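Here is what each chain is made of, one letter per residue.
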Amino acid sequence: MLKIDIITVLPELLESPLGHSIMKRAKEKGILHINLHDLRDYGKGKHRQVDDYQFGGGAGMVMQIEPVDNCIKSLKENTKYDEIIYMTPDGQQLNQGIANELSLHENLIILCGHYKGIDERIREHFITKEISIGDYVLSGGELAAAVLVDSIGRLLPGVLNDETSALFDSFQDDLLAPPVYSRPSNYNGWEVPPVLLSGNDKAIEDWRYQKSLERTKTRRPDLLKNVGDE
Ligand code: 6GU
């Protein structure tokens, strides 16, 4: 069982992406628990303020340390966390290996940034891991957190069945997944590769491996340097 506490100023933004399909199934099966925490509940005053101007001047508000500290403190009262993750474009870029690793933990906090950024002291004193989902800038960490949680959640034992097993995903063995086909076997004269209809399991497995290799060579040659390492 993996519990993930997500701290955000926009909990609504995470409800839908994590409330359907495979993530919904993971929650219903009791394998994945996601708790959304509205940072504003820890904010000051009538406006439940969580951001302020940056010292030294400059445009853009900064997420303040105090509400984040209070929120994390209250979470830590009941739970010992394996990682406290901050979603940020200058973090380590998410890949299948990081998702695999995080899926082995029991308790995670994910902090979603907003505004210009978060007070650097939060990063220095509370955060244990910083993750980006790619070299482009999003308005906040929420969509990135949804991507991270989905990539982790589907790996938890019991979430996927045999048919959808994560073992055959692209990247799981540093190869892209082979092409797939479904009925009809002939559409407008466009035929499904005959080997897939042959019933010969060994031939099908070989074909799929060859296609995976070809596809990786043409689309992502950078991945091939790792093939056969393990
Ligand atoms: Cl994690 N956050 C934001 N705001 N932008 C991003 C990102 C994260 N990863 C890529 N771009």
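Quick caveat: nothing in here was measured; it's all calculated off a predicted structure.

**Description of helix 7 (residues 201–219)**
Along an α-helix, a turn takes 3.6 residues, which lines up residues three or four apart on a common side.
Then, in step 1: Helix length check: helix 7 (19 residues) gives 27 Å between terminal C-alpha atoms against 27 Å at 1.5 Å per residue, within 8%.
Then, in step 2: Of all the residues in helix 7, the buried ones are I204, W207, S212, L213 and T216.

**Observations regarding unusual backbone geometry**
Then, in step 1: The omega torsion of the bond from R183 to P184 falls at 0 degrees, within 30 degrees of zero and hence cis.
Then, in step 2: In the Ramachandran plot, D174 falls in the positive-phi region, its phi being about 65 degrees despite a non-glycine side chain.
Then, in step 3: Positionally, D174 belongs in the loop between helix 6 (142–153) and strand 9 (186–187).
Then, in step 4: Taking the relative accessible area as the measure of exposure, D174 reaches 19% and is therefore buried.

**What about the domain arrangement of the protein chain?**
Then, in step 1: Per the domain assignment, the segments making up the protein chain are domain 1 (2–153) and domain 2 (170–226).
Then, in step 2: The gap between the C-alpha centroids of domain 1 and domain 2 is 37 Å.

**Some remarks on the sheet that holds strand 1 (residues 2–8)**
Then, in step 1: With parallel pairing, five strands are arranged side by side in an open sheet as 2-1-6-5-8. Looking at which strands have only one partner, the edges of the open sheet turn out to be strand 2 (32–38) and strand 8 (129–132). Averaged over all pairs of adjacent strands, the angle between strand axes in this sheet comes to 30 degrees, irrespective of strand direction.
Then, in step 2: Here five bridges tie strand 5 (residues 83–93) to strand 8, and the two strands are oriented parallel to one another. Looking at strand 8, one finds that Q93 is bridged to S132.

Thresholds, definitions, all that
Residues numbered from 1 in each chain as written. Predicted model: local features only at pLDDT ≥ 70, side-chain atom pairs only at ≥ 80, totals over all residues. Heavy atoms only, no water. Helix = DSSP H or I, 4+ residues; strand = E, 2+ residues; numbered from the N terminus. Expected span 1.5 Å × (residues − 1). Buried < 20%, exposed > 50% of the residue type's maximum accessible area, 1.4 Å probe, protein only. Domains from an automatic or database assignment. Pairing = 2+ DSSP bridges. Axes fitted to C-alpha atoms, helices over the stretch in contact; angles between N-to-C directions.

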